[in-house]
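Residue-level listing of the chains:
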Amino acid sequence: MNKLLPVLLYLALSLGFANLSHAQSEQKIKTELQGKLGANAKIKSVAASPIAGIYEVQVGNDVFYTDVNGKYLLQGEIIEVATGKNITEQRQSDLNRIKWSDLPSANAIKVVRGNGSRQLAIFADPNCGYCKRLEKSLQQLDNVTIYNYLIPILSADSVQKAKQIWCAADPSKTYVDWMLNGVPITGKSDCNTGAIEKNLVLAKTLGITGTPTIFFSDGSRFPGAAQLTDIEKKLASLK
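Here, residues in each chain are numbered from 1, in the same order as that chain's written sequence. Local features are withheld for residues below a pLDDT of 70 in this predicted model, meaning they are given only at 70 or higher, and side-chain atom pairs are given and counted only at 80 or more; totals for whole chains, interfaces and linings count all residues. Neither water nor hydrogens contribute to the side-chain values; these are computed over all heavy atoms in the structure.

For this text, the term disulfide refers to a pair of cysteine sulfurs within 2.5 Å. Scanning the entire structure with this criterion turns up one disulfide. A sulfur-sulfur distance of 1.9 Å marks the disulfide that ties cysteine 167 to cysteine 191. Disulfide cysteine 167-cysteine 191: the torsion about the S-S bond is -90 degrees, which places it as left-handed. In this pair, cysteine 167 sits in helix α4 (residues 156-167) while cysteine 191 sits in the loop between α5 (171-181) and α6 (194-205), placing the two residues 24 residues apart along the sequence. We classify cysteine 167 as buried; its relative accessible area is 11%. Helix and strand definitions follow DSSP, with helices as H or I runs of at least four residues and strands as E runs of at least two, each counted in order from the N terminus. Remark: exposure states derive from per-residue accessible area (1.4 Å probe, protein chains only) relative to the maximum for the residue type, with buried under 20%, exposed over 50%, and partly exposed in between.

Moving on: α4. Counted at 1.5 Å a residue, the expected span for α4 with its twelve residues is 16 Å, and the 17 Å between its end C-alpha atoms agrees. Within α4 the residues assigned to the buried category are Ser158, Lys161, Ala162, Gln164, Ile165, Trp166 and Cys167. By the convention used here, residues are in contact when the closest approach between their heavy atoms is within 4.5 Å. Lining the buried residues of α4 we find β7 (109-113), β9 (144-150), α5 and α6. The span you would expect from a helix comes to 1.5 Å times its residue count less one.

If you want it as C-alpha cells, here you go:
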C-alpha cells in the first residue's frame, strides 16, 4: 500500500496542475476575446467544449465557440454523430434555465383552465403580435395554470395598456379579451402598478430581450411564439 502512495500523490498533483492550466487558458481566452469584442458583447464564461482545441463561449444567453487563441468566433451547432445529440442546443437550454421559484406569482396575471395542474409562465407585451398569436394557441390547452407577466417594452402605449389591464376589476378577463379579440381596454391606470416595474427588472435579470418568452416549471425557456405541439410535448415531459 505504501508503494502506491507516491503514485497516487503524483496523479493527484498532475490532475491539479492540469485543472489549473485549463482554468488559466480559459481565463486568458476570455480576457483576450473580450478585448476584441468590446464592452457591448459581455462574455459570461469560457469553457472547454467536447472538441479538442475548441472552447465554448457564452455571450449573454447565446453560445459560440472559439479557438485556443481567441482568433476566431464560430457560430453553429455541435452534434454528436454517434447519438445525434445536439450538444449546443442542450448546453444553451441549461445555461438559460431559471429557478421556477424565482418567479413571483403575485406579479402575474393568472389564468386557470381545468384543474390547473400544469404550469407555465409567459412574459408578454400587450401590443406584441406574436404574444397574441400565442394566446390564441394557448386556448386549446386544458388543465393548465398560466402566469402572464406584463413587460411593456414595445412602446409608451404598451405601458398604458399594461397599467390598465393590471388595474382592471378582472385583470385576467381584460387581458385575454384584449389579446384574443382586441376588446378595447378601458378604465383607470393609476392603481398600484409596482408589479409591472418589478416585472421589467426581472425580465432584464433573466436576460429576456423579446416577447413572448415562455418558462416551464422545470425552469426551461422557449423564446418566441412556440408551436402548441411543442408546448404540449414539453408539458407532458414534466409529469
